[in-house]
Amino acid sequence: AKRLARFNEKLRIEREEREEARRIQAEKRLGKNVTRAQVGTITDFSSFEGAIIVAKDVQFLGKITTNSVDLQSIVNRVGTYGSKVSLTSIFNTVGSYGSEVARHSPFNPVTSTPPMIYKKNKFIAYLTVNEIKTPRVDPFALIGWLRMNE
């Protein structure tokens, strides 16, 4: 039992070290320090302006921008990527990219294939509520921030 406990503790420490390394890499990609609510969760979105969201199946899912009239913006409620009815919108709650059970959705808490955020062709973070994926951006927090800053 003690051997198993030591083994599990070692695994936990190794996992935390990997998460910290990923966090540092994400900070370097962004070119600045970011604050976090917890390890691996990015909460400062100001540097995300112009970044794009891409599903694991390489479907473009929109641009992160506070400009709500940008045709590619995820906050353009009548646009392809911000609409609740578009097939390529993360806001379509019955679609492949917005449903809580869809494997490519940022709102699926157990997905292993959430959308990814890229800026200048560099991976920044996963867009997901799945706390296991790091570095990650919580989609609810990101969308709230974008809408507050429209």
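The structure reproduced in this document is the subject of the present report. (Residues numbered from 1 in each chain as written. Predicted model: local features only at pLDDT ≥ 70, side-chain atom pairs only at ≥ 80, totals over all residues. Heavy atoms only, no water.)

Here we look at unusual backbone geometry
With an omega of -10°, the peptide bond running from Thr-134 to Pro-135 counts as cis. Relative to the assigned elements, Pro-135 resides in the loop between β5 (122-127) and β6 (136-137). A positive phi angle is found at Val-58, which is not glycine, with a value near 65°. (Helix = DSSP H or I, 4+ residues; strand = E, 2+ residues; numbered from the N terminus.)

Considering the pairing of strand β4 (residues 116-119)
Alignment of strand β2 (residues 52-54) against β4, held across three bridges, turns out to be antiparallel. For Ile-52, the partnering residue across the bridge sits in β4 and is Tyr-118. Bridging between β4 and β5 involves four bridges; their strand directions are antiparallel. The residue bridging Tyr-118 from the neighbouring strand is Phe-123, located in β5. The loop that links β4 with its antiparallel partner β5 comprises two residues; one of these, Lys-120, has a positive phi angle of about 55°. (Pairing = 2+ DSSP bridges.)

Looking at the environment of Thr-43
Mapping Thr-43 onto the fold places it in the loop between β1 (41-42) and β2. A residue is classified by how much of its surface remains accessible, and Thr-43, at 32% relative accessible area, is partly exposed. As for Thr-43 and Val-137, which are separated by 94 residues in sequence, their C-alpha atoms are 6.9 Å apart. (Buried < 20%, exposed > 50% of the residue type's maximum accessible area, 1.4 Å probe, protein only.)

Points about the pattern of salt bridges
Overall, the coordinates contain three salt bridges when judged by the stated rule. Taking the shortest distance from any N to any O, the salt bridge between Glu-131 and Arg-136 comes out at 4.0 Å. On the basis of relative accessible area, Glu-131 is assigned to the exposed category, the value being 53%. Relative accessible area serves as the criterion here: at 4%, Arg-136 is assigned to the buried category. Across the pair Arg-136 and Asp-138 runs a salt bridge whose closest N-O atoms are separated by 3.8 Å. (Salt bridge = Lys/Arg side-chain N within 4 Å of Asp/Glu carboxyl O.)

Some thoughts on a nonpolar patch on the surface
A contiguous nonpolar patch, built from Leu-4, Phe-7 and Leu-11 and spanning about 290 Å² of accessible area, is present on the exposed surface. Leu-11 sits in the partly exposed class, given a relative accessible area of 37%. (Patch = residues over 30% accessible without salt bridge, like charges linked within 9 Å, V, L, I, M, F, W, Y side chains within 5 Å. Areas by Shrake-Rupley, 256 points an atom, 1.4 Å probe, with all protein chains shown as cover.)

As for helix α2 (residues 139-148)
Because the α-helix completes a turn every 3.6 residues, residues three or four places apart line up on one side. Regarding α2, the residues found buried are Pro-139, Leu-142, Ile-143 and Leu-146. When α2 is viewed along its axis, its buried side chains cluster within an angular range of 95° and face the same direction. Exposed positions of α2 whose direction lies more than 90 degrees from the buried face are Phe-140 and Met-148. Those residues of α2 that are buried are in contact with β5 and β6. For α2, the N-terminal cap is Asp-138; the gap from its side-chain oxygen to the backbone nitrogen of Phe-140 is 2.8 Å. (Arc of directions from axis to C-beta. Contact = heavy atoms within 4.5 Å. Polar contact = N/O pair within 3.5 Å; in protein donor to acceptor, adjacent residues only side chain to side chain.)

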